[in-house]
Amino acid sequence: MKRADDLDVAGRTVLVRADLNVPMDGAAITDDGRIRASLPTLRNLVSRGAKVVVCAHLGRPKGDGYAERAAGGPSLAPVAARLAELLGQPVALAADVAGESARAIAAGLTGGQVAMLENVRFEPAETSKDDEVRGELAGRLAVLAGQYVGDGFGAMHRKHASVYDTPLLLPHAAGQLVLAEVAVLRQLTTSPARPYVVVLGGAKVSDKLAVIGNLVGKADRLLIAGGMAYTFLAAQGHQIGDSMLQAEQIPQVTEALADAGKAGVEVVLPVDHVVADRFAADARPEVTGGPDIADGKMGLDIGPATRELFAAKLADAKTVFWNGPPGVFEFPAFAAGTLAVAEAISHVTGLTVVGGGDSAAAVRHLNLPTGAFTHISTGGGASLEYLEGRDLPGLAALGDKT
C-alpha cells in the first residue's frame, strides 16, 4: 500500500476516512480512544500543509432517508469538538455529508486547517449493497478533495461507499493507523514467535468460530472465556445453568475442538466461574466449585482458579492476541477475570495485541496502562476478519495485496 507520507499534500485537500465510532452516553463521549488513534495521521497531514476533511461514521442511524436519519442522530458534533481539543485547533463540522455545506466548508479551508463531515451513515447509500448507489455517494465525496487517505481500520472490513468506493476515484494512500494495524496483524498470521497464545472472549461463539478455524495450526494455545465459553462447555457435556448458550452452534464447536486436538493446539476452557441469579450490576456474585453451573445461575465471569490457570498458560508466551473480555467487566463484581487476563498479558515479554472492540474498551475502563501492550487495535471486527484470512474491502481499495 502507498503511504500517506508519500503523497504531496501541501496546499491540497485530503479526504481522510477515519474511524471515530466512539461509545457515547447521550451526547457525552465515554471513551475517546479511537479519536486519539487518529491523531498521528491528522497531525502529520496538518503539519505538511494539507487541507484536511475528515469523514467518519458514528453508531447506526435509523431511518429510510437522509432527513430521518439526521433528525434521529447521532451527530458527530461531540466528536468534532473533542478532536478540536486534542488537535489544539478548530474543527469545523459540516451540516451535511456531501452536500452544499460540505462543499462550502471544504472549499474554504486553507493549508493546515481541519474540517469534519457529518455522520456518513446519515446517507443510506453509504452502506448500500448496490454498487451504483454507493458509487453515486462516492462521487459526491470525491469532489470534496483531490486525495484520499484511508485511516479508519475499524471500518476496513465494510464494503461501504466512503471506505471502498471513494478511494477508487482519487489518488489514495494508507494512514499511519492502518499501516500499523496491518503490520501487527501480518506478524500474527505469518511468523509469530512461539508459544503463540490466543485469548478469545465475548458473547457469541458464532462470531469467533471462523477465526478459531483459521488459527488452528497457527496458534499453540487457545484460551476461551466469556459468554462463548458456555457453548464450548455444553459441547463437552457440562451443565451451564442459565448462562448464554448458542445451542445451534454445538456441532460446529465440537468439530472445532476435534480439529484443534488433531492439530495439537491446546484449548483451555474455564474450570470455575463467578455466577449470579441475574444479569445486573448489583447481583450477588458466587464462585462455583468447578466447571458446572447450577440451574438458576448464570456465568458472568471466570473464577479465581481459571484466572490462575490462564495466567499460567500465558506466562511463557512470546506472542499473544486477545479479543473479547472474559467477563462482564462493566459490572465491578464481575470484572476480576478481565483484569486478571489483561494483567497477565501485560507481563508477557513479546508481541501482545489487544484486538480492539470490547477488549480495548476494557483496558481503558479498568485504567490499565495502555503502554503495557505492544498494540491496542481500533478494529475488533476488522482484526478478526483479517485473522480469519478474509480480504478486507477497504484494504483492497488502498492497494493491499495480502
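Structure shown above.
**Some points on the overall build of the chain**
(1) Moving on: A count of helical and extended segments in the chain gives 15 helices and 17 strands.
(2) Moving on: In summary, the chain has a C-alpha radius of gyration of 22 Å against a globular reference of 21 Å for 402 residues, a match within 12%.
(3) Moving on: C-alpha extents for the chain along the principal axes are approximately 65 × 45 × 40 Å.
(4) Moving on: Looking at the chain residue by residue over its 402 residues, the buried ones come to 54%.

**Regarding the packing of helix H1 (residues 33-47) against helix H3 (residues 77-87)**
(1) Moving on: Closest axis-to-axis distance for the H1/H3 pair is 10 Å, and the angle between their directions is 55°. Our classification of the angle between H1 and H3 gives oblique. The element H1 and its partner H3 pack so that their crossing is right-handed. Between H1 and H3, the residues in contact are Ile35, Arg36, Ser38, Leu39, Leu42 and Arg43 and Val79, Arg82, Leu83, Leu86 and Leu87, respectively.
(2) Moving on: A breakdown of the residues in the contact of H1 with H3 according to their chemical character gives 7 nonpolar, 1 polar and 3 charged.

**Here we look at the pairing of strand E1 (residues 13-17)**
The side chains of a regular strand alternate between the sheet's two faces.
(1) Moving on: Burial of E1 is extensive: 5 of the 5 residues sit out of reach of the surface.
(2) Moving on: Here E1 shows no split at all, with Thr13, Leu15 and Arg17 on one side and Val14 and Val16 on the other all buried.
(3) Moving on: As judged from the 5 bridges shared by E1 and strand E4 (residues 51-55), these two strands associate in the parallel manner. Looking across to E4, one finds that threonine 13 is bridged to lysine 51.
(4) Moving on: Looking at chain direction, E1 and strand E7 (residues 147-150) are connected through 4 bridges and run parallel.

**Some thoughts on unusual backbone geometry**
(1) Moving on: At the junction of glycine 73 and proline 74, the peptide bond is cis and its omega measures out at 10° in the coordinates.
(2) Moving on: Within the secondary structure layout, proline 74 lies in the loop between helix H2 (66-72) and H3.
(3) Moving on: For the bond running from arginine 194 to proline 195, omega is 5°, close enough to zero to count as cis.
(4) Moving on: One can find proline 195 in the loop between helix H7 (176-189) and strand E9 (196-200).
(5) Moving on: Backbone geometry at asparagine 367 places phi at a positive 60°, although glycine is not the residue there.

**Notes on helix H13 (residues 357-365)**
(1) Moving on: Those residues of H13 that fall on the buried side of the exposure criterion are Ser359, Ala360, Ala362 and Val363. Within H13, the buried residues cover an arc of 155° as seen down the axis, which keeps them to one side.
(2) Moving on: Along its buried surface, H13 packs onto strand E15 (319-323), helix H12 (336-346), strand E16 (351-354) and strand E17 (375-376).
(3) Moving on: Immediately downstream of H13, the backbone of asparagine 367 shows phi near 60°, a positive value.

**Quick notes on the sheet that holds strand E5 (residues 91-93)**
(1) Moving on: On the basis of which strands lie adjacent, the open sheet formed by 6 strands has the order E5-E6-E4-E1-E7-E8 and parallel pairing. In the strand order of this sheet, the two ends are held by E5 and strand E8 (172-174), each with one partner. Mean inter-strand twist for the sheet, computed between neighbouring axes without regard to direction, equals 25°.
(2) Moving on: Together, E5 and strand E6 (114-116) form the strand contacts of H3, whose direction differs from that of E5 by roughly 170°.

**Regarding the pattern of salt bridges**
(1) Moving on: Summed over the entire model, instances satisfying the criterion amount to 23 salt bridges.
(2) Moving on: Among the salt bridges present, the one from aspartate 5 reaches arginine 3, with a minimum N-O distance of 3.9 Å.
(3) Moving on: The exposure class assigned to aspartate 5 is partly exposed, which follows from its relative accessible area of 39%.
(4) Moving on: With its nearest N and O atoms 3.9 Å apart, the salt bridge here joins arginine 278 to aspartate 277.
(5) Moving on: Judged by its relative accessible area of 47%, aspartate 277 falls in the partly exposed class.
(6) Moving on: Sharing partners across several salt bridges, the network here consists of Asp32, Arg36, Arg82 and Glu85.

**Considering the nonpolar core**
(1) Moving on: Counting residues in hydrophobic clusters, the biggest one holds 69 residues, and the most contacted among them are Leu117, Ile212 and Phe232.
(2) Moving on: Here leucine 117 is in contact with Leu15, Val53, Val54, Cys55, Leu76, Leu93, Ala94, Asp96, Val97, Ala102, Leu141 and Leu144, once residues within four sequence places are set aside.
(3) Moving on: Among the nonpolar cores identified, the runner-up in size contains 30 residues, and Ala18, Leu20, Val52 and Met116 belong to it.

**Topic: the sheet that holds E16**
(1) Moving on: The strand order E11-E10-E9-E15-E16-E17 describes an open sheet built from 6 strands, whose pairing is parallel. In this open sheet, the two strands that pair with only one neighbour each are strand E11 (266-268) and E17.
(2) Moving on: Examined bridge by bridge, strand E10 (residues 221-224) and E11 share 3 bridges and lie parallel to one another. Bridge pairing in E11 links leucine 222 to valine 267.
(3) Moving on: Here helix H11 (residues 304-314) sits on the sheet in contact with E9, E10, E11 and E15, set at roughly 155° to E10.

**Notes on the pairing of E7**
(1) Moving on: The alternating pattern of E7 places Gln147 and Val149 and Tyr148 and Gly150 on opposite faces, both of which are buried.
(2) Moving on: Pairing analysis gives 3 bridges linking E7 to E8, with the strands arranged parallel. Residue pairing for E8: glycine 150 is matched across the bridge by alanine 174.

**Remarks on a positive patch on the surface**
(1) Moving on: There is a patch of like positive charges on the surface, built from Arg60, Lys62, Lys129 and Arg158.
(2) Moving on: Within the fold, arginine 158 resides in the loop between E7 and helix H6 (161-165).

**Side note on the environment of glutamine 236**
(1) Moving on: With respect to the secondary-structure elements, glutamine 236 resides in the loop between helix H9 (228-235) and helix H10 (250-263).
(2) Moving on: On the basis of relative accessibility, which here comes to 45%, the residue glutamine 236 falls in the partly exposed class.
(3) Moving on: When near neighbours in sequence (up to four residues on either side) are disregarded, glutamine 236 contacts Leu257 and Leu269.

What counts, and where the lines are drawn
Residues numbered from 1 in each chain as written. Predicted model: local features only at pLDDT ≥ 70, side-chain atom pairs only at ≥ 80, totals over all residues. Heavy atoms only, no water. Helix = DSSP H or I, 4+ residues; strand = E, 2+ residues; numbered from the N terminus. Rg over C-alpha atoms; globule rule 2.2 N^0.38 Å. Buried < 20%, exposed > 50% of the residue type's maximum accessible area, 1.4 Å probe, protein only. Axes fitted to C-alpha atoms, helices over the stretch in contact; angles between N-to-C directions. Parallel < 35°, antiparallel > 145°, perpendicular 65-115°, else oblique. Left-handed = near helix turned anticlockwise from the far one by under 90°. Contact = heavy atoms within 4.5 Å. Nonpolar A, V, L, I, M, F, W, Y, C, P; charged D, E, K, R; others polar. Pairing = 2+ DSSP bridges. Arc of directions from axis to C-beta. Salt bridge = Lys/Arg side-chain N within 4 Å of Asp/Glu carboxyl O. Core = buried A, V, L, I, M, F, W, Y, C linked by side-chain atoms within 4.5 Å. Patch = residues over 30% accessible without salt bridge, like charges linked within 9 Å, V, L, I, M, F, W, Y side chains within 5 Å. Areas by Shrake-Rupley, 256 points an atom, 1.4 Å probe, with all protein chains shown as cover. Lys, Arg positive; Asp, Glu negative; His and termini not counted. Charge placed at Lys NZ, Arg CZ, Asp CG, Glu CD.

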